[in-house]
Amino acid sequence: MDILQKPSEMQAWSKARSQEGRRIVLVPTMGFFHQGHLSLMRRAAELGDTVVVSLFVNPTQFGPNEDLASYPRNFEHDMDLARKEPVAAVFAPTPDLMYLAGFQTEVRVKQLSTHLCGRSRPVHFAGVTTVVTKLFNIVQPAAAVFGEKDFQQLAIIRRMVADLNIPVRIVGHPIVREADGLAMSSRNANLDPANRAAALSLSSALQLVRAEAARGVRATAELGRMVERHIHSFVGTAIDYASFVDGDSLEAVEAVDERTILALAVHVDGKAGKVRLIDNGFVLPR
Ligand code: PAF
């Protein structure tokens, strides 16, 4: 497995592989790998013959009061895990290599970025779409795999790729969960094990809503009140949003149908301060 730091080296590496007729598939990550990341790497290996994983904690997608400094990192452990997977190269640049002095370009998906996470994280998605565009230009993959836990990110990247005619196939991969239902996330490392129940309030809220919908409840106002009561019944939780949205437009809906997703973002007391967790899922069986 090759490890590359400089964008120019990564570009040359990819160009050589493409000239050999290889099909490159990119897994963009911010590191601190867990089973969710490893399953993205395995999915990528099914879609092509050359898997590249990018590992970059992108500073521009964090707002001033967010968790850039405390975002978990362990490069050597990540490399040990990636070496056991079908990964041909890891692209791990530093911020100064990605954002040269004078950098001033931004890629922004206007409407979709205003919903859900966009309300409380106003700079986040412009940071994501800009760095993902850069990663696509550097790695030049035929396809890229993203986790569905960040389903708004996935919708925004699909929109961006369609709008800008970027020749990369975007593949979503289902959420990977712990045995108790917690959606896997690098940020889980900052959770307080003594307060695990609070972290589970998101996945159990999803289950609750699915059970109520199966009983015939369709009004999202009523389901929303149940979700809020449920999550607030756990000590140390603060809801950022609990929204019933259309899976394509991300617009709020009043009644649940087959396309409705319950999207959740909840701050949970962690080892040192709050940890912001997200989760989502279709309300009705598909
Ligand atoms: O989902 C993530 O880990 C990040 O937002 C991404 C796509 C790697 C961009 O920094």
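Reading the values: the criteria
- Residues numbered from 1 in each chain as written.
- Predicted model: local features only at pLDDT ≥ 70, side-chain atom pairs only at ≥ 80, totals over all residues.
- Heavy atoms only, no water.
- Helix = DSSP H or I, 4+ residues; strand = E, 2+ residues; numbered from the N terminus.
- Rg over C-alpha atoms; globule rule 2.2 N^0.38 Å.
- Buried < 20%, exposed > 50% of the residue type's maximum accessible area, 1.4 Å probe, protein only.
- Contact = heavy atoms within 4.5 Å.
- Areas by Shrake-Rupley, 256 points an atom, 1.4 Å probe, with all protein chains shown as cover.
- Lys, Arg positive; Asp, Glu negative; His and termini not counted.
- Charge placed at Lys NZ, Arg CZ, Asp CG, Glu CD.
- Axes fitted to C-alpha atoms, helices over the stretch in contact; angles between N-to-C directions.
- Parallel < 35°, antiparallel > 145°, perpendicular 65-115°, else oblique.
- Nonpolar A, V, L, I, M, F, W, Y, C, P; charged D, E, K, R; others polar.
- Salt bridge = Lys/Arg side-chain N within 4 Å of Asp/Glu carboxyl O.
- Near = heavy atom within 4 Å.
- Polar contact = N/O pair within 3.5 Å; in protein donor to acceptor, adjacent residues only side chain to side chain.

Chemist: Mind showing me how you'd approach the overall build of the protein chain here?
Modeler: Along its length, the protein chain carries ten helices and nine strands. At 19 Å, the protein chain has a C-alpha radius of gyration in line with the 19 Å of a compact globule built from 286 residues. Over its C-alpha atoms, taken along the principal directions, the protein chain stretches across nearly 55 × 40 × 40 Å. Here the protein chain, with 286 residues, has 53% of them falling under the buried criterion. Nonlocal contacts in the protein chain, meaning residues at least 24 apart in sequence, comprise 72% of its contacts between residues at least 6 apart. For the protein chain, the exposed area adds up to about 13,400 Å²; of that, 51% sits on carbon and sulfur atoms. Within the protein chain, the 31 negative side-chain charges are centred at a point lying 2 Å from the centre of the 32 positive side-chain charges.

Chemist: Please clarify how the packing of helix 1 (residues 7-19) against helix 6 (residues 124-139) should be interpreted in this entry.
Modeler: Angle between the axes and distance between the axes: these two values describe a pair of packed helices. Between helix 1 and helix 6, whose axes approach to 7 Å, the crossing angle comes to 50 degrees. Put simply, helix 1 runs oblique to helix 6. For the pair helix 1 and helix 6, contact is made by Pro-7, Met-10, Gln-11 and Ser-14 and by Asn-137, Ile-138 and Val-139, respectively. Of the residues belonging to the contact of helix 1 with helix 6, the class tally is four nonpolar, three polar and no charged.

Chemist: How should the pattern of salt bridges be read in this particular structure?
Modeler: Side-chain pairs of opposite charge can arise whenever the charged atoms involved come near each other. On inspection of all chains with the given rule, the structure shows 16 salt bridges. Linking Glu-85 and Arg-42 is a salt bridge whose minimum nitrogen-to-oxygen distance equals 2.7 Å. With Glu-85 in the loop between helix 3 (75-83) and strand 4 (89-91) and Arg-42 in helix 2 (residues 35-47), this pair connects stretches of sequence that are 43 residues apart. A residue is classified by how much of its surface remains accessible, and Glu-85, at 12% relative accessible area, is buried.

Chemist: How do you make sense of the site of the ligand when you look at a structure like this?
Modeler: In the neighbourhood of the ligand, the contacting residues comprise Pro-28, Thr-29, Met-30, Asn-58, Gln-61, Val-128, Val-131, Phe-146 and Gln-153. Gln-61 places a polar side-chain atom, nitrogen or oxygen, 2.6 Å from an oxygen atom of the ligand. Within the side chain of Gln-153, one N or O atom sits 2.7 Å away from an oxygen atom of the ligand. Isolated, the ligand exposes 290 Å² of accessible area, and the fraction of that covered by the protein chains is 89%. Mapped by element, the contributors of at least two residues to the shell around the ligand are strand 2 (24-29) and helix 6.

Geometric values such as these leave the question of function open.
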